[in-house]
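Residue strings, one per chain:
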Amino acid sequence: LVDWKTNLVRTSDTETIDEIIEKKVKDSYYNQYMIYSMNLIDTITPKEHEKKEFWEKKFGGMLFIFMRVKEDNKGSFLVKPDYEEILTFKKKLEN
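Residues numbered from 1 in each chain as written. Predicted model: local features only at pLDDT ≥ 70, side-chain atom pairs only at ≥ 80, totals over all residues. Heavy atoms only, no water.

## Remarks on the sheet that holds strand β3 (residues 76-79)
Read across the sheet, 3 strands follow the order β1-β2-β3 without closing on themselves; strand pairing throughout is mixed. Because the sheet does not close on itself, it has two edges, and the strands there are β1 (2-9) and β3. Adjacent strand axes in the sheet meet at a mean angle of 25° when their direction is disregarded. Both strand β2 (residues 62-69) and β3 contribute to a ladder of 4 bridges, which runs antiparallel. Note that in β3 the partner of Leu 63 across the bridge is Leu 78. Sheet contacts for helix α1 (residues 17-28): β1, β2 and β3; angle to β2, the most-contacted strand, approximately 120°. Helix α2 (residues 30-44) rests against β1, β2 and β3 of the sheet, and its axis sits at about 140° to β2. (Pairing = 2+ DSSP bridges. Helix = DSSP H or I, 4+ residues; strand = E, 2+ residues; numbered from the N terminus. Axes fitted to C-alpha atoms, helices over the stretch in contact; angles between N-to-C directions. Contact = heavy atoms within 4.5 Å.)

## Topic: a nonpolar patch on the surface
Taken together, Leu 1, Ile 35, Tyr 36 and Leu 93 make up a surface patch of nonpolar side chains, about 340 Å² in accessible area. With respect to the helices and strands, Leu 93 occurs in helix α4 (residues 83-94). (Patch = residues over 30% accessible without salt bridge, like charges linked within 9 Å, V, L, I, M, F, W, Y side chains within 5 Å. Areas by Shrake-Rupley, 256 points an atom, 1.4 Å probe, with all protein chains shown as cover. Salt bridge = Lys/Arg side-chain N within 4 Å of Asp/Glu carboxyl O.)

## Observations concerning the nonpolar core
Core analysis: the biggest nonpolar cluster contains 23 residues, and Val 9, Ile 21, Val 25, Tyr 33, Phe 64 and Phe 66 have the highest contact counts within it. Here this core takes 5 residues from α2, the largest share from any one element. (Core = buried A, V, L, I, M, F, W, Y, C linked by side-chain atoms within 4.5 Å. Buried < 20%, exposed > 50% of the residue type's maximum accessible area, 1.4 Å probe, protein only.)

## Looking at the packing of aromatic side chains
Inspection of every chain in the model, using the stated rule, returns 6 aromatic pairs. Consider the rings of Tyr 29 and Phe 64, whose centres lie 5.6 Å apart with planes at 25°: the pair is stacked. Placement of Tyr 29 in the loop between α1 and α2 and of Phe 64 in strand β2 is noted, with a sequence separation of 35 residues between them. Its relative accessible area of 12% is what places Tyr 29 among the buried residues. Geometrically, the ring pair formed by Tyr 30 and Phe 89 is edge-to-face, given 5.9 Å between the ring centres and 80° between the ring planes. Here Phe 89 lies in helix α4 and Tyr 30 lies in helix α2, a separation of 59 residues in the sequence. When its relative accessible area of 27% is taken as the criterion, Tyr 30 is described as partly exposed. (Phe/Tyr/Trp six-rings, centres within 6.5 Å; stacked < 30°, edge-to-face > 60°.)

Pasting the structure below:
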């Protein structure tokens, strides 16, 4: 999965651009990538016993690409939560 972001990402004196982007994704887009991941698994692998294998062996993760970054060749972050983390997130949504 790929998600293009148009947020302006500014550099910092205390953090690298990669650290700033990682923090932004984890703080602001956690629910988004968890819901997308959960739905992808359920859509592509309807059989329960195939879901974990699909996730671990065939899915590469979710790539966030920030288009407005002030450093060359920077601006992306790949995230792939553990399968168990997705199951825990799904259970919280169901309750």
